[in-house]
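Below are the chains, spelled out letter by letter.
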Amino acid sequence: MGVQAKSFDSPDETRSFENGEGRILNLGQGTVACLNAQPGWSWSKSLKPIMGGESCQMLHTGYMVSGRMTVKSGDGTQTTIEPGNVYVIDPDHDAWVEGDEPVMAIEFNSRTAEELGKAMK
């Protein structure tokens, strides 16, 4: 396919979890996910019970559209991702919505949706 265009208004897949959801588009060999998380969301509260393990083991590459998310790496380093930031988050982390504004982030070639889908089956 020379060109493909899709909209998050009609995602290929939607994965809902406590205080959030991911809308997934499959494009060629990759995926793009629009992740939405409400205040009070954290990986340890909302996804750990589904995914298992002590921390998120996924690699994330994305762009923060709105809201703020704090990420704490396994080594204890903590970073807050803000609107306009492009980010890479290595495996072995926890994350949570910072403040009272919902988070919207776009992630590229995200395996999160795929892994979440396997865990929810």
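Further up the page is the structure itself.
For the structure given in this document, a descriptive report is provided here. Quick caveat: nothing in here was measured; it's all calculated off a predicted structure.

## Regarding a nonpolar patch on the surface
Now for step 1: Residues Tyr 63, Val 65, Val 86 and Phe 108 make up a contiguous nonpolar surface patch of about 370 Å² in total accessible area.
Now for step 2: Mapped onto the fold, Phe 108 is located in strand E9 (residues 103–108).
Now for step 3: With a relative accessible area of 42%, Phe 108 lands in the partly exposed category.

## Quick notes on the nonpolar core
Now for step 1: Counting 17 residues, the largest nonpolar core has Trp 41, Met 64, Met 69, Val 71, Ile 81, Tyr 87 and Val 103 as the members making the most contacts within it.
Now for step 2: Elements that contribute at least two residues to this core include exactly helix H1 (43–51), strand E5 (68–73), strand E7 (86–89), strand E8 (93–98) and E9.
Now for step 3: Once residues within four sequence positions are removed from consideration, Met 64 is found in contact with Met 69, Ile 81, Glu 82, Pro 83, Gly 84, Asn 85, Tyr 87, Val 103, Met 104 and Ala 105.

## Some words on the pairing of strand E3 (residues 30–37)
Now for step 1: Taking burial as the measure, the eight residues of E3 include seven buried ones, the bulk of the element.
Now for step 2: Between strand E2 (residues 20–27) and the antiparallel strand that follows it, E3, lie two residues; Gly 28 among them carries a positive phi value of about 55 degrees.
Now for step 3: Relative to E9, E3 runs antiparallel, the two being bridged by six bridges. What sits directly across from Ala 33, in E9, is Glu 107.

Conventions and cut-offs
- Residues numbered from 1 in each chain as written.
- Predicted model: local features only at pLDDT ≥ 70, side-chain atom pairs only at ≥ 80, totals over all residues.
- Heavy atoms only, no water.
- Patch = residues over 30% accessible without salt bridge, like charges linked within 9 Å, V, L, I, M, F, W, Y side chains within 5 Å.
- Areas by Shrake-Rupley, 256 points an atom, 1.4 Å probe, with all protein chains shown as cover.
- Salt bridge = Lys/Arg side-chain N within 4 Å of Asp/Glu carboxyl O.
- Helix = DSSP H or I, 4+ residues; strand = E, 2+ residues; numbered from the N terminus.
- Buried < 20%, exposed > 50% of the residue type's maximum accessible area, 1.4 Å probe, protein only.
- Core = buried A, V, L, I, M, F, W, Y, C linked by side-chain atoms within 4.5 Å.
- Contact = heavy atoms within 4.5 Å.
- Pairing = 2+ DSSP bridges.

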